[in-house]
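Residues per chain are reported as follows:
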Amino acid sequence: MAKGITTLVVEGESIEVTHPNKLLYPDEQISKGELVTYYRDVAPFMVPHLTGRPLSLHCFPSGIAARGYFQKAAQEHFPAYVHRLALASHSGETVYAVADNEATLVFLASQNCLVFHPCHVLRDSLDRPDLLIIDLDPSDDDFAKVRHGARLLRDLLPALGLVPFVKTTGSRGLHVVAPIHRELDCDGVSEFARKIAQYLVACDPARFTMDINKKKRGDRVFVDYLRNGQAQTAVAPYSARALPCAPVAVPIGWDELDDPELDARRWHVRNVRERLWDVGDLWRDIHSHARSLADASEALASL
């Protein structure tokens, strides 16, 4: 077993990284220390997408070759700079960790948290989402169908008065996201997203489905609108994924859909920093484009 301790100082906080040489991605020889350094480097770009949001964490203390676990509740040993936030769900109330600062992101990475899944609500209005999320989740590796679905949403959402953004998931698909005013509760946003999914499936039922049953999807893309429900999450921009090659979820420009080399795992922890130094975070001003979902609902009803 890897031994030793490395200490990092982030925003004045000393963070101990135990077993920094432990391989979290063994095939790629990516150690825990390297992953923690990755999160320290991307923290200025990533933390704005986490601030104020309850976090679900996907942790892999023995690396991705072993079974990981999801952690929602903040642990008692977490330091005080890791803020807490209670969020109700259909199964009760959970006190989540919130990454309001760069030190928290680095600390959680030091606790073997590889993947970060924030909620689509903020602490000051926990029942009013500020993001509409459509997850295009393919059943196979045919990324052309995912591109097609994203382009349909790129054309549809502006017709409803919304401003769409897109990111790779680091897995197999794309997320199309629209910032919204916090007018509707989670059920209202989820119902709107369901109608968007219905529209997409009606446009091309041979390529898209809303069927939750994986066996019934065939080779179609699942149009997942369920991420808009109460206490639901989506992978954060610049979060690593627990998959071979350590891929990363990355916001992209709509013109990048035309790049023949694009797929959901185009970027990983060893190459995405160069992109960030070059173009920055393409979602840095996403919330300045928030629009009314109530108005969009009226527009959708007229289609």
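In the annotation of an unreviewed UniProt entry, the entry for the chain reads Non-homologous end-joining DNA ligase, and the organism field reads Nannocystis bainbridge.

Undergrad: Teacher, can you tell me more about the overall build of the chain here?
TA: Helix and strand counts for the chain come out as 7 helices and 15 strands. Relative to a compact globule of 303 residues, whose C-alpha radius of gyration would be 19 Å, the chain shows 19 Å and is just as compact. Dimensions of the chain along its principal axes, counting C-alpha atoms only, are 60 × 40 × 40 Å. Within the chain, the proportion of its 303 residues that are buried is 53%. Roughly 13200 Å² of accessible area belongs to the chain as shown, and the carbon and sulfur atoms make up 48% of that amount. Of note, the chain has its 34 positive side-chain charges centred 5 Å away from the centre of its 40 negative side-chain charges.

Undergrad: Teacher, can you tell me more about the pattern of salt bridges here?
TA: Pairing between side chains becomes possible if they bear opposite charge and their charged atoms approach one another. Per the stated rule, a full pass over the model turns up 16 salt bridges. The closest approach of N and O atoms between Arg-182 and Asp-124, which form a salt bridge, is 2.6 Å. Remark: Asp-124 occurs in the loop between strand 9 (113–118) and strand 10 (131–137) and Arg-182 occurs in the loop between strand 12 (174–179) and helix 4 (186–203); sequence separation between them is 58 residues. Accessibility expressed as a relative area gives 33% for Arg-182, which makes it partly exposed. Residue Arg-266 is joined to Asp-259 by a salt bridge in which the shortest nitrogen-to-oxygen separation is 2.9 Å. In this structure Arg-266 comes out as partly exposed when scored by relative accessible area, which is 26%. Since its relative accessible area comes to 24%, Asp-259 is described here as partly exposed. Bridged by salt links that share partners, the residues Arg-40, Asp-41 and Arg-273 form one connected network.

Undergrad: Sorry, what's going on with the nonpolar core here?
TA: One broad rule of soluble globular proteins: the nonpolar side chains tend to lie buried together. Judged by nonpolar contacts, the single largest core of 84 residues is most densely connected at Tyr-39, Phe-116 and Leu-136. The dominant element in this core, judged by the number of residues it contributes, is helix 1 (residues 32–46), at 8 residues. Setting aside anything within four residues of it in sequence, one finds Phe-116 in contact with Tyr-39, Met-46, Leu-55, Ser-56, Leu-57, Leu-105, Leu-108, Ala-109, Ala-234, Val-235, Ala-236 and Ser-239. Counting 7 residues, the second largest nonpolar core, distinct from the first, contains Leu-131, Ile-133, Ala-234 and Ile-286.

Undergrad: Sorry, what's going on with the packing of helix 1 against helix 2 (residues 102–110) here?
TA: For any two helices packed against each other, one specifies the crossing angle of their axes together with the interaxial distance. Closest axis-to-axis distance for the helix 1/helix 2 pair is 9 Å, and the angle between their directions is 160 degrees. By the criterion of interaxial angle, the relationship of helix 1 to helix 2 is roughly antiparallel. In the crossing of helix 1 with helix 2, the sense of the turn from one axis to the other is right-handed. Touching Lys-32, Val-36, Tyr-39, Arg-40, Ala-43, Pro-44 and Met-46 of helix 1 are Glu-102, Leu-105, Val-106, Ala-109 and Ser-110, all from helix 2. Classifying every residue of the contact of helix 1 with helix 2 gives 8 nonpolar, 1 polar and 3 charged.

Undergrad: What's the story with the packing of helix 4 against helix 7 (residues 293–301) in this structure? I'm lost.
TA: Two numbers describe how helix 4 lies on helix 7: the axes approach to 11 Å, and their chain directions differ by 35 degrees. Note that helix 4 runs across helix 7; the crossing there is left-handed. For the pair helix 4 and helix 7, the contacting residues are Val-189, Phe-192, Lys-195 and Ile-196 in the first and Leu-293, Ala-296, Ser-297 and Leu-300 in the second.

Undergrad: What should I look at first to understand the pairing of strand 1 (residues 5–10) in this one?
TA: Looking down a regular strand, the side chains alternate between one sheet face and the other. Of the pairings in the sheet, the one linking strand 1 to strand 2 (residues 13–18) comprises 6 bridges and is antiparallel in character. Bridge pairing in strand 2 places Val-9 opposite Ser-14. Once strand 1 ends, the chain turns through 2 residues before running back antiparallel as strand 2, passing Glu-11 with a positive phi of about 55 degrees.

Rules used in this analysis
- Here the residue numbering is sequential within each chain, running from 1 through the sequence in written order.
- The predicted nature of this model means local features are confined to residues of pLDDT at least 70 and side-chain atom pairs, given and counted, to a pLDDT of 80 or more, with totals for whole chains, interfaces and linings taken over all residues.
- No hydrogens and no water enter the side-chain calculation; it runs on all heavy atoms of the structure.
- Here a helix means four or more residues in a row that DSSP labels H or I, a strand means two or more in a row labelled E, and each is numbered from the N terminus.
- Restricting the calculation to C-alpha atoms gives the radius of gyration, and the globule rule supplies 2.2 Å times the number of residues raised to the power 0.38.
- Exposure is judged per residue with a 1.4 Å probe applied to protein chains only, and the accessible area is read against the type maximum: over 50% gives exposed, under 20% gives buried, and values in between give partly exposed.
- Note on areas: Shrake-Rupley, 1.4 Å probe, and residue coverage restricted to the protein chains presented here.
- Positive charges are assigned to Lys and Arg, negative charges to Asp and Glu, while His and the chain termini are left out of the count.
- Lysine's charge is taken at NZ, arginine's at CZ, aspartate's at CG and glutamate's at CD.
- For salt bridges, the criterion is a side-chain nitrogen of Lys or Arg within 4 Å of an Asp or Glu carboxyl oxygen.
- Side-chain atoms within 4.5 Å are what join buried Ala, Val, Leu, Ile, Met, Phe, Trp, Tyr and Cys residues into a set we call a nonpolar core.
- By definition, residues are in contact when any of their heavy atoms lie within 4.5 Å.
- Note on method: axes are straight lines fitted to C-alpha atoms, helices fitted across the in-contact stretch only, with angles between N-to-C directions ranging 0 to 180 degrees.
- Small angles under 35 degrees read as roughly parallel and large ones over 145 as roughly antiparallel, with 65 to 115 read as roughly perpendicular and the rest as oblique.
- For any helix crossing, the convention is left-handed if the near helix is rotated counterclockwise from the far helix by under a right angle, and right-handed if that rotation is clockwise.
- Gly counts as polar in this scheme, as do all residues outside two lists: the nonpolar Ala, Val, Leu, Ile, Met, Phe, Trp, Tyr, Cys and Pro, and the charged Asp, Glu, Lys and Arg.
- One bridge is not enough; two strands pair if DSSP finds at least two bridges between them.

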